[in-house]
Amino acid sequence: MTTLRGADIVVQTLSRLGASRIFTLSGNHIMSIFDAALDAGLDLVHVRHEAAAVHMADAHGRLTGQPGIALVTGGPGHANAVGALFTALGAESPMVLLSGHAATWEFGRGGFQELRQADMAKPVTKASWTATATETLGHDVGEAIRIAMSGRPGPVHVSLPSDLLDARVDESAVAWPEPAAHSHVSLAAPAADHILDAIAGAARPLILAGPQLSSVAGRAMLEKLEAATGVPAVIMESPRGIADATLGAFPDLIRRADLIVLLGKALDFTTKWAAGPAYDPDVRVIAIDPDEALVARARKEKGERLLFGCVADSMSAGETLAARAAKTAPPGWHAAARAALDNRPAAWRSVVSQAAGRLHPAEVFRALRPFVERDPDTVLICDGGEFAQWGQSMLPVRRRLINGVTGSIGSGLSFALAARMIERRAPVFAVLGDGTIGFHISEFETAVRRGLPFVAILGNDARWNAESEIQRRDYGANRMHGCELLPARYDLVVAALGGHGEHVESAADLPAAIERALASGKPSCINVMIESTAAPAIRLG
Ligand SMILES: Cc1ncc(C[n+]2csc(CCOP(=O)(O)OP(=O)(O)O)c2C)c(N)n1
Ligand SMILES: [Mg+2]
């Protein structure tokens, strides 16, 4: 009789389903899985904070379309990880968090690090549960992956009690999952034709795509859809919503739209619920969404103004619409829309800082842009407050990760490490603020240990400026407090951890610093002193 340990079942299931790497941080409850990983040849990428493991799994999910796997210990490890799931949920990223857990015989008895983990993760996941038997651990893991990948992708959590991981069962009793059985709902041809008719009847239609379509494949599909229909397709993945600087003078454009087609884009605060002064009061809405509840919500919000709503997966629905489109929308509208989206103030080409020893964010990104454009496979990560918004608006790229709809800052460095594990050649740049870098600066040690070079472009204005700007606007310039930081030398921290550091106080020095950082082949931080500058607000002149 061959027996298998629960931990071996978990690890072999991951291997069978194509996962060869897990992002993790050790702990008593999961050491059996570490042990099992040795035999299965599973790569343990071990990090310095559980949230970083989740952020890396999130980035893996977004960049590859395959589920990222994070593994943390029970109790405090799980608690540290849960906050980061919110980012993955908002970004619609397929990933699975596996957490060790107190043994089943300890439940309710005050066991070591016992915590209602599944309850805790529930609001920030698509599904969350605790495994109940060793024989079905493989099924649990397979089911978690299936749910993460189906419909609107997102995070799923499973807690794994340590006694189930340690127990041995007869191999013949193990319930192995079916490989990659995801449920998908396609857009039926009559529904597609109905939507295309509505689009053809509109004068100024817009397609708004959800975050899950910001992948390279999603962008390519949207380009095809835009070409086939003549309708501008816009990805809305920022908490700044309509004001996302990536989208140029989008507020001027959306106000003119007479039809909004939501393609997997939740009608939420980022869209201002397609109502109020940001919109034409007569604007009509179509909702195509993998999630029935979101179609229902759109119906509740819009009433008669919802022309049509249906359940379908965003990617395949977009492909169906592109394939069936017969007419294109008025070319004048398309040209005007693209001009608004591409609009950037001419002054950005020449603006310079007024403060000695400080750069204006536009100077930083004018210098960075040629490096980003050198390689079409460059990965750009933008994280943080005001500084990163300038990066989002000035650096056009195909592969980009931002912290996303939940607006949770701090994930950028972890994203950069995960991106480098996937993209071995092209540059990886992480643009972030000095407040933001503090959340996970210790991941530079992970990056050095694992040999994962990337370049962090740190805009150091010695403050949490996004919040300072709110204070200036809402309470007055004399009431700005509680948001100041030191002009700290983060470049020296990174050098101390074994990476490469640069400190820049003048625009003339920045290109050579970037060049040296890239050439170092090390995880790098360019500490660029900047003047505090509000995020850009772009309007048609
Ligand atoms: C996890 C989390 N904590 C706090 C905030 C609120 N917040 C948003 S931007 C920001 C300031 C970011 O500062 P920094 O990274 O230095 O960028 P800056 O705005 O100064 O350019 C803060 C505190 C948030 N969005 N997410
Ligand atoms: Mg700052």
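In this text, all values refer to a predicted model and were calculated from it rather than measured experimentally.

Caption draft 1: Structural detail: the pairing of strand 2 (residues 21-24). Here strand 2 pairs with strand 3 (residues 43-46) via four bridges, running parallel. By the bridge assignment, isoleucine 22 is partnered in strand 3 with leucine 44. After leaving strand 2, the chain enters helix 2 (residues 31-40) and then returns to the sheet as strand 3, a path that is right-handed. Taken together, the two bridges between strand 2 and strand 4 (residues 68-72) define a ladder with parallel strand orientation. Of the residues in strand 4, the one forming a bridge with threonine 24 is leucine 71.

Caption draft 2: Structural context of unusual backbone geometry. The residue lysine 272 is not glycine, and still its phi comes out positive at about 55 degrees. For lysine 272, the location among the structural elements is in the loop between strand 11 (259-263) and strand 12 (284-289). For lysine 272, a relative accessible area of 44% corresponds to the partly exposed category. With phi around 50 degrees, alanine 274 is a residue other than glycine that occupies positive phi space. Its location among the elements puts alanine 274 in the loop between strand 11 and strand 12.

Caption draft 3: Region of the structure containing the layout of surface pockets. In this structure, the largest pocket encloses a volume near 900 Å³. Taken together, 31 residues make up the lining of the largest pocket; nearest its centre are Thr246, Asp342, Arg344, Pro396 and Val397. Only helix 9 (216-229), strand 10 (233-235), helix 13 (331-342), helix 14 (361-373) and helix 15 (386-394) provide two or more residues apiece to the lining of the largest pocket. In this structure, the second largest pocket encloses a volume near 620 Å³. Every element with two or more residues in the lining of the second largest pocket is listed here: helix 3 (50-64), helix 9, helix 12 (314-324) and strand 15 (399-402).

Caption draft 4: Local environment of the sheet that holds strand 13 (residues 306-311). Overall, parallel pairing links the five strands, which are arranged 10-9-11-12-13 in an open sheet. Edge positions in the sheet fall to strand 10 and strand 13, since each of these pairs with one other strand and no more. Going from strand to strand, the sheet's axes swing by 15 degrees on average, the running direction of each strand aside. Here strand 9 (residues 205-209) runs beside strand 11; their pairing, made up of five bridges, is parallel. Within strand 11, the position partnered with proline 205 by the bridge is leucine 259.

Caption draft 5: Examining empty space enclosed by the protein more closely. Counted by the stated rule, this structure contains one cavity of 30 Å³ or more. Computed from the structure, the largest cavity encloses a volume of approximately 30 Å³. Every residue along the wall of the largest cavity is listed here: Leu262, Lys265, Ala266, Leu267, Ala287, Ile288, Asp289, Leu294, Val295 and Ala298. Residue assignment for the lining of the largest cavity shows that the elements contributing at least two residues are strand 12 and helix 11 (292-302).

Caption draft 6: Representation of the packing of helix 9 against helix 12 in the model. Two elements in contact, helix 9 and helix 12, have axes whose closest approach is 9 Å; the angle formed by their N-to-C orientations is 25 degrees. Relative to helix 12, the element helix 9 lies roughly parallel. As helix 9 runs across helix 12, the sense of the crossing is left-handed. Here helix 9 contributes Ala217, Gly218, Met221, Lys224, Leu225 and Ala228 to the contact with helix 12, which in turn contributes Ser314, Met315, Gly318, Glu319, Leu321 and Ala322. In the contact of helix 9 with helix 12, the residues fall into seven nonpolar, three polar and two charged.

Caption draft 7: Geometry of helix 8 (residues 189-200). Taking 1.5 Å per residue as the helical rise, helix 8 with its 12 residues ought to reach 16 Å, and the 16 Å between its terminal C-alpha atoms agrees with that figure. Close packing links the buried residues of helix 8 with strand 9, helix 9, strand 11, strand 12, strand 13 and helix 12.

Caption draft 8: Here's a closer look at the nonpolar core. Phe250, Leu368, Val431, Ile457 and Ile526 are the most contacted members of the largest nonpolar core, which has 56 residues in total. What isoleucine 526 contacts, discounting residues up to four positions off in sequence, is Val455, Ala456, Ile457, Leu458, Glu502, Val504, Leu510, Ala513, Ile514 and Ala517. Judged by nonpolar contacts, the second largest core, of 45 residues, contains Ala51, Val82, Ala84 and Ile381.

Caption draft 9: Up close: the sheet that holds strand 14 (residues 379-383). In spatial order, the strands read 15-14-16-17-19-18; together these six strands make up an open sheet with parallel pairing. Because the sheet does not close on itself, it has two edges, and the strands there are strand 15 and strand 18 (500-504). Strand-to-strand twist of the sheet, defined as the mean angle between neighbouring strand axes without regard to direction, takes the value 15 degrees. Inspection of the sheet shows strand 14 paired to strand 16 (residues 428-433) by five bridges, in the parallel sense. Among the inter-strand pairings, isoleucine 381 is bridged to a residue of strand 16, identified as alanine 430.

Caption draft 10: Region of the structure containing the environment of arginine 256. In this structure, arginine 256 sits in the loop between helix 10 (250-254) and strand 11. The partly exposed category is assigned to arginine 256, whose relative accessible area is 43%. Along the backbone, arginine 256 and leucine 206 are 50 residues apart, and their C-alpha atoms lie at a distance of 9.8 Å. Apart from residues no more than four positions distant in its own chain, arginine 256 is found in contact with Arg204, Trp333 and Ala336.

Caption draft 11: Structural view of the coordination of the magnesium ion (ligand 2). Bound to the magnesium ion (ligand 2) are the protein donor atoms Asp434 (OD), Asp461 (OD) and Arg463 (O), situated 2.1 to 2.2 Å from the metal. Binding-site remark: the magnesium ion (ligand 2) is held by donors from one chain whose sequence spacing is D-x26-D-x1-R. Taken together, the residues aspartate 434 in helix 17 (residues 434-437) and arginine 463 in the loop between strand 17 (455-460) and helix 19 (465-475) connect sequence positions 29 residues apart. According to the relative accessible area criterion, aspartate 434 is buried, its value standing at 2%.

What counts and what doesn't
- Residues numbered from 1 in each chain as written.
- Chains lettered and ligands numbered in written order.
- Predicted model: local features only at pLDDT ≥ 70, side-chain atom pairs only at ≥ 80, totals over all residues.
- Heavy atoms only, no water.
- Pairing = 2+ DSSP bridges.
- Helix = DSSP H or I, 4+ residues; strand = E, 2+ residues; numbered from the N terminus.
- Right-handed = clockwise from strand over helix to strand, strands pointing away.
- Buried < 20%, exposed > 50% of the residue type's maximum accessible area, 1.4 Å probe, protein only.
- 1 Å grid on protein atoms, 1.4 Å probe; cavity = no way out; pocket = protein on both sides within 12 Å on 5 of 7 lines; lining within 4 Å.
- Points joined across faces, edges and corners; volume = space filled by probe spheres on them.
- Axes fitted to C-alpha atoms, helices over the stretch in contact; angles between N-to-C directions.
- Parallel < 35°, antiparallel > 145°, perpendicular 65-115°, else oblique.
- Left-handed = near helix turned anticlockwise from the far one by under 90°.
- Contact = heavy atoms within 4.5 Å.
- Nonpolar A, V, L, I, M, F, W, Y, C, P; charged D, E, K, R; others polar.
- Expected span 1.5 Å × (residues − 1).
- Core = buried A, V, L, I, M, F, W, Y, C linked by side-chain atoms within 4.5 Å.
- Donors = N, O, S within 2.8 Å, 3.2 Å for Na, K, Ca; no water.

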